[in-house]
Amino acid sequence: MEMASASASKFPCPKAIGIFLVFMTLSFFPQYAQAITRHYEFNITMQNVTRLCHTKSIVTVNGQFPGPRIVAREGDRLLIKVTNHVPNNISIHWHGIRQLQSGWADGPAYITQCPIQTGQTYVYNYTIVGQRGTLFWHAHISWLRSTLYGPLIILPKLNVPYPFTKPYKEVPIIFGEWFNTDTEAIISQALQTGGGPNVSDAYTINGLPGLLYNCSSKDTFKLKVKPGKTYLLRMINAALNDELFFSIANHSLKVVEADAVYVKPFETDTILIAPGQTTNVLLETKPSFPSATFLMIARPYVTGLGTFDNSTVAGILEYDHPHLSIKNLPLFKPTLPALNDTSFATNFSNKLRSLASSQFPANVPQNVDKSFFFTVGLGTNPCDQSHGCQGPNGTKFAASINNISFIQPTKSLLQSHYFGQSNSVFSPNFPMNPLHWFNYTGNPPNNTMVGNATKVMVLAYNTSVELVMQDTSILGAESHPLHLHGFNFFVIGQGFGNYDPKNDPKKFNLVDPIERNTVGVPSGGWVAIRFLADNPGVWFMHCHLEVHTSWGLKMAWLVLDGKLPNQKLIPPPADLPKC
């Protein structure tokens, strides 16, 4: 893999020499060379970027779009110094990192930290424990992650091989969305008027829209490959609001990992990847020069009733040839599933299984201490504008879990809890079940109003949790990719219609279910997960469709300290931002 990180990782020369000598010394003793400390500097700056013939000033890390690549090994410690040079408040989330005892480094604004204000610096300090694979980092405040994102690649420990064919080369493929206008203005206007926000103008691959958009032929990602080789594509969906289908013409893909967890490999022509999810695939190139080039394209999988960006991002797969020009070669295009192909989405997710091997076991909680049933979906809030609102029937759009739309606090939940000041910030009584039963996937109730509060679910340390999340038909059924901070979980079952607590558990997979950090609640259906609450702190859970998060489809879990020192949250760092 190309190990040169694009970040501004800086050391003074003497320090660099010292680290080099230590590293060289340790290299003679492999048993001690398993983990190092890696330093990165993230300078948050404005940068003019042009896409689709529109130039705008965007928030970036080190002037790069997408942002720099972070590379580490399992067991490494990361110290990432973030300095904010822009007018916006900033926080960075290291999506999928478990943050064992290091909740202060998780990053969601007003959950585990107050944001980094203009001119401030904060050092994110965490160790990667028991994880390897592809994750990513992104801003976790308002809609700034539309431009603030980048790959986070965790290599296995030294001398530990992949449980699949060693690739000739590894390539990050990160999907995003491009807006010609300012995304902060878009969501601000939507929240004020109560209507749906404007959709993106293009999807991107590694920041480039591709040749199927106007004025974008030169802004096309090209993957140059050699015949007869195996490539590992590290795929990341950093788009704001859309699940995506992806395929490469005339080539098959082998799925080997999801959300930084190895899976039982399977072949597919198309993958489905939701915002917040990552998927590693092996691409076997053709044994000889094919005298053709091939489009790699992505477009949305759509389940809701609202507007969406109905466009297609394209990159090009090119085969290297020392003597032939590729200019006049035929260009093949793949065929993707229909925009609303829920059957494909279901079949694809059902193929995902953990390796469940002796080296990589699936430690599914077999017994459950606490069972929860959460409804997730849309709703409305009353209009508070004198000139009316643009939501359903003159209301404002809202979203909720168990009919509670989360009110963003103005102080950090974790800080408030740690310093014993939580009473004025949040309530510890998030409901275990919906307060009012209805036919969740049938005709919706007449009253679509949601409650609004800042509530958390409190768990004792080491509680084994089973959570069923049920989509509702209020304002239309829709898929919701739910992301849980601080934990991986096992997806033990899913189905359509209303969850049946008597019969559906009989079909749960407790042997080799997929383990991940982000899962799609099926449109008009349900999903069941299990996890062990072995990580003290406050952990956000929210829809990774940014519009739904903005409308309140989010909540938090508070996991209390255990009795032993290694089961307690460490004290906050001295440079933790103040509100």
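Residues numbered from 1 in each chain as written. Predicted model: local features only at pLDDT ≥ 70, side-chain atom pairs only at ≥ 80, totals over all residues. Heavy atoms only, no water.

Novice: Is there a simple way to explain the overall build of the protein in this structure?
Specialist: Counting its regular elements, the protein contains 5 helices and 33 strands. Computed over the C-alpha atoms, the radius of gyration of the protein is 23 Å, within 12% of the 25 Å expected from 2.2 N^0.38 for a compact globule of 579 residues. Principal axes of the C-alpha set define a box for the protein whose edges measure 70 × 55 × 50 Å. Residues counted as buried form 58% of the 579 residues belonging to the protein. Pairs at least 24 residues apart make up 80% of the contacts formed inside the protein by residues separated by at least 6 positions. For the protein, the exposed surface amounts to about 23,200 Å²; the carbon and sulfur share of it is 52%. (Helix = DSSP H or I, 4+ residues; strand = E, 2+ residues; numbered from the N terminus. Rg over C-alpha atoms; globule rule 2.2 N^0.38 Å. Buried < 20%, exposed > 50% of the residue type's maximum accessible area, 1.4 Å probe, protein only. Contact = heavy atoms within 4.5 Å. Areas by Shrake-Rupley, 256 points an atom, 1.4 Å probe, with all protein chains shown as cover.)

Novice: What is the right way to read the confidence of the model for the protein from this model?
Specialist: As a note on interpretation, predicted positions should not be read in detail where pLDDT is low. Across the protein, the average pLDDT comes to 94, with 94% of residues at 70 or higher. pLDDT under 50 marks residues 1-32. Its contacts with residues more than four places away, or in other chains, come to 33 contacts. (pLDDT = per-residue confidence, 0-100.)

Novice: Would you explain the sheet that holds strand β30 (residues 518-521) in this entry?
Specialist: Whenever strands of a sheet pair, they do so through backbone hydrogen bonds, lying parallel or antiparallel. Strand order across the open sheet formed by 5 strands is β25-β33-β32-β27-β30, with mixed pairing between neighbours. One side of each edge strand has no neighbouring strand; the edge strands of this open sheet are β25 (456-459) and β30. Sheet twist, expressed as the mean angle between neighbouring strand axes with direction ignored, is 20°. Sheet topology places β25 next to strand β33 (residues 554-559); 4 bridges connect them, and they run parallel. By the bridge assignment, M457 is partnered in β33 with W557. (Pairing = 2+ DSSP bridges. Axes fitted to C-alpha atoms, helices over the stretch in contact; angles between N-to-C directions.)

Novice: Sorry if this is basic, but what is going on with the packing of aromatic side chains here?
Specialist: The geometry of two aromatic rings is summed up by the distance between their centres and the angle between their planes. In total, this model carries 36 aromatic pairs according to the counting rule given. Taken together, a centroid distance of 4.9 Å and an interplanar angle of 10° make the contact between Y162 and F164 stacked. For F164, a relative accessible area of 13% gives the class buried. Geometrically, the ring pair formed by F438 and Y440 is edge-to-face, given 4.8 Å between the ring centres and 70° between the ring planes. Put simply, the rings of F372, F374, F430, F487, F531, W539 and W557 pair up and form one aromatic cluster. Here the guanidinium or amino end of K56 rests over the ring plane of W178, the centre of that ring lying 4.8 Å away. (Phe/Tyr/Trp six-rings, centres within 6.5 Å; stacked < 30°, edge-to-face > 60°. Lys NZ or Arg CZ within 6 Å of the ring centre and 35° of its normal.)

Novice: What is the right way to read the pattern of salt bridges from this model?
Specialist: A side chain of one charge can pair with a side chain of the opposite charge when the charged atoms of the two come close. Applying the stated criterion to the full structure yields 13 salt bridges. Residue E170 pairs with R234 through a salt bridge whose shortest N-O separation is 2.9 Å. Pair noted here: E170 is in strand β9 (residues 169-178) and R234 is in strand β12 (residues 230-237), with a separation of 64 residues, a long-range link. R234 sits in the buried class, given a relative accessible area of 1%. (Salt bridge = Lys/Arg side-chain N within 4 Å of Asp/Glu carboxyl O.)

Novice: Just to check I follow, could you spell out helix α2 (residues 183-193) for this structure?
Specialist: Structural remark: α-helix, 3.6 residues per turn; residues separated by three or four positions point the same way. Taken residue by residue, α2 has T183, E184, I186, I187, A190 and T193 as its buried positions. In this structure, the buried residues of α2 make contact with β22 (396-401) and α5 (546-550). Among the residues of α2, the N-terminal cap falls to D182, whose side-chain oxygen and the backbone nitrogen of E184 are separated by 3.2 Å. (Polar contact = N/O pair within 3.5 Å; in protein donor to acceptor, adjacent residues only side chain to side chain.)

Novice: Which parts of the structure should I look at to understand the environment of V364?
Specialist: Residue placement: V364 occurs in the loop between α3 (342-351) and β21 (370-381). Given a relative accessible area of 7%, V364 falls into the buried group. Taking C-alpha positions, V364 is 30 Å from L283, a pair spaced 81 residues apart along the chain.

Novice: Looking at this structure, how should I read the sheet that holds strand β8 (residues 149-155)?
Specialist: The 4 strands lie next to each other as β3-β8-β7-β5, forming an open sheet whose pairing is mixed. The sheet is open, and its two edges are formed by β3 (70-73) and β5 (92-95), each paired on a single side. Neighbouring strand axes in the sheet, compared pairwise and without regard to direction, differ in orientation by 20° on average. Direction of pairing for strand β7 (residues 133-139) relative to β8: antiparallel, over a ladder of 6 bridges. Bridging from a neighbouring strand, G133 pairs with I154 of β8.

Novice: In this structure, what is going on with the nonpolar core? I would like to understand it.
Specialist: Taken as a class, soluble globular proteins show a tendency for nonpolar side chains to be buried jointly. By size, the foremost hydrophobic cluster in this structure holds 99 residues, and its most contacted members are L233, F374, M469, F531, M541 and W557. Counting residues in hydrophobic clusters, the runner-up holds 56 residues, among them Y122, I153, Y262 and A556. (Core = buried A, V, L, I, M, F, W, Y, C linked by side-chain atoms within 4.5 Å.)

Novice: How should I be thinking about unusual backbone geometry in this particular structure?
Specialist: Note that the residue after F65, namely P66, is joined by a cis bond; omega there is -10°. Tracing the backbone shows P66 in the loop between β2 (54-61) and β3. Although it is not a glycine, Q99 adopts a positive phi angle of roughly 55°. With respect to the secondary-structure elements, Q99 resides in the loop between β5 and β6 (121-127). Taking the relative accessible area as the measure of exposure, Q99 reaches 1% and is therefore buried. Phi at A356 takes a positive value of approximately 50°, unusual for a residue other than glycine. Relative to the helices and strands, A356 resides in the loop between α3 and β21. The exposure class of A356 is partly exposed, given its relative accessible area of 34%.

Novice: I'm lost on the state of the cysteines in this one. Help?
Specialist: Each disulfide consists of one covalent bond between the sulfur atoms belonging to two cysteines. This structure, assessed with the given rule, holds 3 disulfides. A sulfur-sulfur distance of 2.1 Å marks the disulfide that ties C383 to C389. Between C383 and C389, the disulfide has an S-S torsion of 80° and is therefore right-handed. Judged by its relative accessible area of 12%, C389 is buried. (Disulfide = S-S within 2.5 Å.)

Novice: Help me out: how do you make sense of the pairing of β8 in this one?
Specialist: Remember that side chains alternate between the two faces of the sheet whenever the strand is regular. Most of β8 sits out of view: 7 of its 7 residues are buried. For β3 and β8, the ladder comprises 4 bridges, and the chain directions are parallel. Paired with A72 across the bridge in β8 is I154.

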